[in-house]
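Examining the three-dimensional arrangement
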Amino acid sequence: MFARFLKAAPACPNCGLRLDAHQADDFPAYIVILALGHILVPLMIEVNAALAIPLLWQALIWPGLAILLALAMIQPVKGAVIAVQWSRRMAGFS
Ligand SMILES: [Zn+2]
């Protein structure tokens, strides 16, 4: 589905469906930010309640974890947004 990390392929190699007609825009990033906030903030609270991790380590761990999880989530989420647009015949999939 993707020609590059976040660039949709022009067409499906199997059926020829045009994939560049999607209009996902920033919606995948909004979903990732919303999901990561709901994952990381409770995790930070629980970890700080249970452990006494020095602030310097926390300043490295939490942003690093946020970046890694965001990179892991953004491509599948964008694929899901494109799939929903295709299934609803939205954007250029009419
Ligand atoms: Zn296909």
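Here, every reference points to the structure presented above.
Residues numbered from 1 in each chain as written. Predicted model: local features only at pLDDT ≥ 70, side-chain atom pairs only at ≥ 80, totals over all residues. Heavy atoms only, no water.

Re the overall build of the protein
Tallying secondary structure elements over the protein gives two helices and zero strands in all. Scaling as 2.2 N^0.38, a compact globule of 94 residues should have a C-alpha radius of gyration of about 12 Å, whereas the protein reaches 18 Å, well beyond that. For the protein, the spread of C-alpha atoms along the three principal axes comes to 55 × 25 × 20 Å. Partitioning the contacts of the protein with sequence separation of at least 6, the portion at a separation of at least 24 is 62%. If the 6 positive side-chain charges of the protein are averaged to one point and the 4 negative ones to another, these points end up 13 Å apart. (Helix = DSSP H or I, 4+ residues; strand = E, 2+ residues; numbered from the N terminus. Rg over C-alpha atoms; globule rule 2.2 N^0.38 Å. Contact = heavy atoms within 4.5 Å. Lys, Arg positive; Asp, Glu negative; His and termini not counted. Charge placed at Lys NZ, Arg CZ, Asp CG, Glu CD.)

Digging into the nonpolar core
Among the nonpolar cores identified, the biggest contains 13 residues, and V32 and I82 are the most heavily contacted of them. When contributions to this core are tallied by element, the ones reaching two or more residues are α1 (27-50) and α2 (55-87). At five residues, the largest contribution of residues to this core is made by α2. Here V32 is in contact with A70, M73, I74 and V77, once residues within four sequence places are set aside. (Core = buried A, V, L, I, M, F, W, Y, C linked by side-chain atoms within 4.5 Å. Buried < 20%, exposed > 50% of the residue type's maximum accessible area, 1.4 Å probe, protein only.)

With respect to the packing of aromatic side chains
This structure, assessed with the given rule, holds zero aromatic pairs. Over the face of the ring belonging to W86 we find R89, whose NZ or CZ atom lies 5.0 Å from the ring centre. (Phe/Tyr/Trp six-rings, centres within 6.5 Å; stacked < 30°, edge-to-face > 60°. Lys NZ or Arg CZ within 6 Å of the ring centre and 35° of its normal.)

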